[in-house]
Amino acid sequence: MVTLKHQLDKTDLEKPSRAVQSTSADIVYYRSLSDIPNAKLVEELMRLGAGSNGWQTPNMESARPIIPFMEGRYKATDALLMRSGVKQVVEFAAGFVPRGMNNPQWNFVHTEQDEDALRQMRDITERIISHQQSMPHFVRFDAVTGEGIDSVMACLREEPVGVTHEGMFRYYPNQSKEKTGRLAKAFLERYGGLYVTPDIWTWQRVELLRRIDPEMDRERSRILSERTGRDLASFLFKDNAEAIELFGSRIGFGIEIYTIGSLVGNLSAVPVIFKDPDMAKLVDETIKRMEIWKMTLG
Ligand SMILES: C[S@@+](CC[C@H](N)C(=O)[O-])C[C@H]1O[C@@H](n2cnc3c(N)ncnc32)[C@H](O)[C@@H]1O
């Protein structure tokens, strides 16, 4: 049973949490098992830099079902942003995502609450990109409280923007997700554009993921809840209808929901992690049924 001391005080959940911030390093490792450009290099450089912080290769076994999802959500987000034709992108809670360095065509603002990760990712990016390529902006921004929003907007031009995040909503209750949604809306109201996120975690999605391995998924949720001191299951939307009520009716977005499979062809991490062909097929199909949301105003 998880001890839910942080659950008692909702405002406490919105203070920066080292335990939540540290999850970004795990995702770097999981993404390095895919063919996402620069994912392996970012992982190597992060590991070298993080040596003194005691970072260790994360628990692989219980994470196996979601590793290809990390690849699918990254690629599906890219696909929707590219399709929209925007020329600038703001990523919230970006951790060590290599999207900025991989898309030099965008005026890219890589934002994070965790200053250490932000500094490290800026150093890693400087080492990887060519001298001809312009650097993404790296800006400290809290995607729930909005602290730092002026610095983010100072990097943008007066033209449509793509706002995105992956992997932060699992750690927050609905009232905090609503604040993030309203921040995304503030960008769209000023610049136009779209808000793209694969972060809408519902019980339906968890049930889908559990087709791959119910016990592994339960174990991962237990480990993550314990590690972050948050009851992650209590933060799940019941179903899409509940999430549509929040982002559509309350915040005012028009919503289009896509499956990952409709946007992404190959999930390269699947055969790396699942050697049995039947299992690999089930995982591939399951991840491709998971969803990503595109939201716009009027
Ligand atoms: C699971 S990691 C995902 C990182 C990255 N999006 C990725 O997919 O690799 C969660 C990230 O959310 C960031 N985060 C959590 N709360 C945040 C907040 N209120 N504002 C900005 N970033 C936040 C953490 O610092 C951490 O980097």
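Everything here concerns the structure above.
Residues numbered from 1 in each chain as written. Predicted model: local features only at pLDDT ≥ 70, side-chain atom pairs only at ≥ 80, totals over all residues.

We now examine the sheet that holds strand 5 (residues 193-197). An order of 3-2-1-4-5-7-6 is seen for the seven strands of this open sheet, with the pairing classed as mixed. The sheet is open, and its two edges are formed by strand 3 (137-140) and strand 6 (254-259), each paired on a single side. Geometrically, the sheet is characterised by an average inter-axis angle of 20° between neighbouring strands, direction not taken into account. The sheet contact formed by strand 6 and strand 7 (residues 291-296) spans six bridges and is antiparallel. Paired with Tyr258 across the bridge in strand 7 is Ile292. (Pairing = 2+ DSSP bridges. Helix = DSSP H or I, 4+ residues; strand = E, 2+ residues; numbered from the N terminus. Axes fitted to C-alpha atoms, helices over the stretch in contact; angles between N-to-C directions.)

A few words on the site of the ligand. Contacts to the ligand come from 21 residues, most closely from Ser24, Ala93, Gly95, Gln113 and Gly167. Those elements that provide at least two residues to the shell around the ligand are helix 1 (18-21) and helix 2 (23-31). It is helix 2 that provides the largest number of residues to the shell around the ligand, a total of three residues. Considering only residue class, the shell around the ligand consists of eleven nonpolar, six polar and four charged. (Near = placed C-beta within 6 Å. Nonpolar A, V, L, I, M, F, W, Y, C, P; charged D, E, K, R; others polar.)

Most often, soluble globular proteins have nonpolar side chains that are buried together. The biggest cluster of nonpolar side chains holds 76 residues, and the ones touching the most others in it are Val90 and Tyr195. When residues of this core are assigned to their parent elements, the largest contribution, seven residues, is made by helix 4 (residues 67-84). Other than its neighbours up to four places away in sequence, Val90 contacts Val109, Thr111, Val152, Val161, Val163 and Phe187. (Core = buried A, V, L, I, M, F, W, Y, C linked by C-beta atoms within 7 Å. Buried ≥ 20, exposed ≤ 12 C-beta atoms within 10 Å, placed from the backbone. Contact = placed C-beta atoms within 7 Å.)

Taking burial as the measure, the five residues of strand 5 include five buried ones, the bulk of the element. As paired strands, strand 4 (residues 161-164) and strand 5 are joined by four bridges and run parallel to one another. If you follow Val161 over to strand 5, its bridge partner there is Gly193. Handedness of the crossover joining strand 4 and strand 5 through helix 8 (residues 174-191) is recorded here as right-handed. Relative to strand 7, strand 5 runs antiparallel, the two sharing three bridges. The residue bridging Tyr195 from the neighbouring strand is Met295, located in strand 7. (Right-handed = clockwise from strand over helix to strand, strands pointing away.)

Position of Asp114 relative to the elements: it lies in the loop between strand 2 (107-112) and helix 6 (115-128). When the C-alpha atoms of Asp114 and Val161 are compared, they prove to be 23 Å apart, with 47 residues separating the residues in sequence. When sequence neighbours within four positions are dropped, the list of residues in contact with Asp114 reads Gln21 and Ser24.

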